[in-house]
Amino acid sequence: MGSTGNIKQLVGYGVIDQVVQSGQKIGMGTGSTAFYAMERIAEKLNTGELTDIKIVPTSFQTTTELQNRGIQVYSMNDPQIGGQLDLAIDGADEVDPDFCLVKGGGAAHFLEKLVEYNARDFYVIIDESKLVDHLGEAFAVPVEVIPEGRTTVFRLLEQLGAQVELRQAVKKAGPVVTDNGNFILDARFPGGVQKATGLSVASAEARIQSMVGVLEVGLFSRGVNAVYVGRNNGSVDVLLPQKP
Ligand code: 5RP
């Protein structure tokens, strides 16, 4: 049996070893699984096994992790990036059978989505506890709201069938304040997003995104190239979506 840390390391190292090549522009995700992808890429840059990699981080946490390892970071707006990436790598909170995701457990889903929806290829790294039949039932869907829109969006999400909570900070009084200075509403959908809203995941994503006051919702329906799943027995499965 692998420990959780070992499983995350297996998928984080595995994806770097299998998909990253010198010269690429890469979006780097946020969280405890993405941490191992960063560790591996730093190791390969230090040994010279990888060269000329430009990395766009998806949060303050990822920025500091990379900078502490001496890796220069870029923004999507940097002329050398030009708003487009070769690939992005990130963890997820839930993955459903259609390879749609819930993200935003670390409240970083705005920048994660900007980066990952503008990458040609997208690879997800998870442990098997993240595989679910229905998104948003066990793990609430994070919705980043501009503070002034908090009450309005709370009410609109309830009308859509969600049970909503304002995410509270740890080691700080009051709500979580995101990297963008906003709040997070966690929206749990009894029976899952599709059952509770009567919408597909993509339509629910668009509906929530269109609410005035929402910066971004943590439903990701863009599709993925592969999901690396670390199993409790220490093996890694690479799940590939069916080609249309
Ligand atoms: C942060 C995210 C993370 O990718 C997600 O929460 C998974 O994190 P971890 O790998 O630590 O379980 O979406 O906003």
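This text goes with the structure placed above it.
Residues numbered from 1 in each chain as written. Predicted model: local features only at pLDDT ≥ 70, side-chain atom pairs only at ≥ 80, totals over all residues. Heavy atoms only, no water.

Participant: Any details on a nonpolar patch on the surface? Residues and values, ideally.
Facilitator: On the surface, Leu-10, Val-236, Val-238 and Leu-240 cluster together to form a nonpolar patch covering roughly 310 Å² of accessible area. Take Val-238: it is sitting in strand E13 (residues 236–239). For Val-238, a relative accessible area of 37% puts it in the partly exposed group. (Patch = residues over 30% accessible without salt bridge, like charges linked within 9 Å, V, L, I, M, F, W, Y side chains within 5 Å. Areas by Shrake-Rupley, 256 points an atom, 1.4 Å probe, with all protein chains shown as cover. Salt bridge = Lys/Arg side-chain N within 4 Å of Asp/Glu carboxyl O. Helix = DSSP H or I, 4+ residues; strand = E, 2+ residues; numbered from the N terminus. Buried < 20%, exposed > 50% of the residue type's maximum accessible area, 1.4 Å probe, protein only.)

Participant: How would you sum up the sheet that holds strand E11 (residues 219–220)? Please name residues and give values.
Facilitator: Strands sit in the order E4-E5-E11 across an open sheet of three strands; the sheet is antiparallel. Edge strands, defined here as strands with exactly one partner in the open sheet, are strand E4 (94–95) and E11. Pairing of E4 with strand E5 (residues 101–102) involves two bridges; the strand directions are antiparallel. Paired with Val-95 across the two strands is Leu-101, which belongs to E5. (Pairing = 2+ DSSP bridges.)

Participant: Give me the side chain of Thr-62: which residues, what numbers.
Facilitator: Position of Thr-62 among the secondary structure elements: in helix H3 (residues 60–68). Its relative accessible area of 0% is what places Thr-62 among the buried residues.

Geometric descriptors of this kind do not, in isolation, establish any biological role.
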